[in-house]
Amino acid sequence: MKIFTSRKAYYLYNPDTLNYDRVIPSYKDRSLIVLGHLSTGIAFGLLTFFAMMYLIDSPMEAELRKENKLLQTQYEILSLRLESASDVLEDLQQRDENLYRAIFQTESIPESVRKSGFGGSDRYEHLLELSNSDLVISTTQRMDILRKQLYIQSNSLEQLIIAGKDLEERSKCVPAIQPISNKDLNHTASGYGMRIDPIYRVPRMHYGMDFSAKVGTDIYATGDGVVTYAAWRQGYGNCIMIDHGYGYETLYGHMSKYKARVGQKVKRGQIIGEVGNTGKSVGPHLHYEVLVNGIHHDPSKYYYMDLTPEEYDRMLQLAENHGQVMD
Ligand SMILES: [Zn+2]
């Protein structure tokens, strides 16, 4: 067994002689001893260095940690702002559905389309490696959904602008005034419905409304449209028909004069002819019909631009009770 002393000699027990022999350590032995001490020192030093590194931040690390904290706070603020932007958008979506789409009679956008997100979870895979990846992914996801919903909403509003323009166009075309000047309603003769035929004296369906007026009284187009007929017609005498589009047509009978020709575009209120007593008629009057998709409608329902509700009531009474249909 060796007893180490670096420079001095040491004694080694010899069992043969039963004595302690003096041994001088060789240069090699001494080098090994020095090396041993040295490596223990280095190992201890490294261990201390790494322990310090782990426990205490370098100035650069401290800076990065601060920056990271700041970024996280900013992300949280961004996330809150996105939430309030989503609320504003949701309000707009509800108005769009419940108000605008109802007014313009357009189809609603299904909830599944409005609320749809983006498919595939691997879309955000590259964000998983980031620190605070949950926060970053949820914020990014929210931003993506908001962007998509905004796109859908802006498309929807564009559709509504088109629908609004169409509605404006349509409202110009729908028959909406009386075909002759009848402010005091004195010209209301007979309305739509079953009436006694003035010539054959039997009950017959009267498909229009009669306005008694002097020969030569102006007749107006009741909505924008195109004249499709301006000629004699069996029973109706001199007759004009106007196609207003959107399924609406009007007919004007027993006229004395035409003031529009076939193919001519006319505006609401434009004079198209004069009252007369032509065809099957018992006196000067205008027979006026409204057709929607080829089916006769009660014309009295199409004077809403002309009459107040009170005037409308009075006109209905007159049309119902006033003597004889003039055909
Ligand atoms: Zn009639």
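Remember, predicted model here, so these are calculated numbers, not experimental data. (Residues numbered from 1 in each chain as written. Predicted model: local features only at pLDDT ≥ 70, side-chain atom pairs only at ≥ 80, totals over all residues. Heavy atoms only, no water.)

Let us look at the packing of helix H2 (residues 59-103) against helix H4 (residues 133-173). Put simply, H2 and H4 touch, their axes get as near as 9 Å, and they point 25° apart. The angle between H2 and H4 places the two elements in the roughly parallel class. Pair H2 / H4 crosses with left-handed handedness. Tallied by class, the residues present in the contact of H2 with H4 amount to 16 nonpolar, nine polar and five charged. (Axes fitted to C-alpha atoms, helices over the stretch in contact; angles between N-to-C directions. Helix = DSSP H or I, 4+ residues; strand = E, 2+ residues; numbered from the N terminus. Parallel < 35°, antiparallel > 145°, perpendicular 65-115°, else oblique. Left-handed = near helix turned anticlockwise from the far one by under 90°. Nonpolar A, V, L, I, M, F, W, Y, C, P; charged D, E, K, R; others polar.)

So, on to H2. Across its 45 residues, H2 extends 65 Å between first and last C-alpha, which sits within 8% of the 66 Å expected from 1.5 Å per residue. Its maximal kink placed at Asp96, H2 deviates by approximately 40°. Here H2 has its buried residues at Ser79, Leu82, Leu89, Gln93, Asp96, Glu97 and Arg101. Looking at the packing, one finds that the buried side of H2 touches helix H3 (111-114) and H4. One or two residues past the end of H2 sits Gln105, with phi positive at roughly 50°. (Expected span 1.5 Å × (residues − 1). Bend = angle between axes of the 7 residues up to and from the residue. Buried < 20%, exposed > 50% of the residue type's maximum accessible area, 1.4 Å probe, protein only. Contact = heavy atoms within 4.5 Å.)

For the rest of this paragraph, the subject is the domain arrangement of the chain. Domain parsing of the chain yields domain 1 (10-55), domain 2 (76-173) and domain 3 (188-321). Just the C-alpha atoms count here: the centres of domain 2 and domain 3 sit 50 Å apart. The partner domain 3 presents six residues to the six residues of domain 2 that form the contact. Interface of domain 2 and domain 3: buried area, both sides summed, is about 580 Å²; carbon and sulfur atoms make up 46% of it. Per-residue buried area on domain 2 facing domain 3 is highest for Arg170, Lys172 and Cys173; these three make up 79% of the total on that side. Across the contact surface, domain 2 and domain 3 share zero salt bridges. Taken together, domain 2 and domain 3 are joined by four residue pairs in polar contact (both at pLDDT 80 or more). Grouping the amino acids of the side of domain 2 that touches domain 3 by side-chain chemistry returns one nonpolar, one polar and four charged. (Domains from an automatic or database assignment. Buried area = accessible area lost by both parts, 1.4 Å probe. Salt bridge = Lys/Arg side-chain N within 4 Å of Asp/Glu carboxyl O. Polar contact = N/O pair within 3.5 Å; in protein donor to acceptor, adjacent residues only side chain to side chain.)

In this structure the tally under the stated criterion is six aromatic pairs. For the ring pair Phe49 and Phe50, a centre distance of 5.6 Å and an interplane angle of 70° mean the geometry is edge-to-face. Plain terms: the ring middles of Tyr288 and Tyr303 are 6.4 Å apart, the flat faces sit at 25° to each other, and that makes the pair stacked. Of this pair, Tyr288 sits in strand S13 (residues 285-292) while Tyr303 sits in the loop between strand S14 (295-297) and helix H5 (309-321), and the two are 15 residues apart along the sequence. Summarising the burial analysis for this pair, Tyr288 and Tyr303 share the class buried. Each member of the aromatic cluster is reached from another via a ring pair, and the members are Phe211, Tyr252, Tyr288 and Tyr303. Seen from the ring of Tyr229, Arg233 lies directly overhead, with NZ or CZ sitting 5.9 Å from the centre. (Phe/Tyr/Trp six-rings, centres within 6.5 Å; stacked < 30°, edge-to-face > 60°. Lys NZ or Arg CZ within 6 Å of the ring centre and 35° of its normal.)

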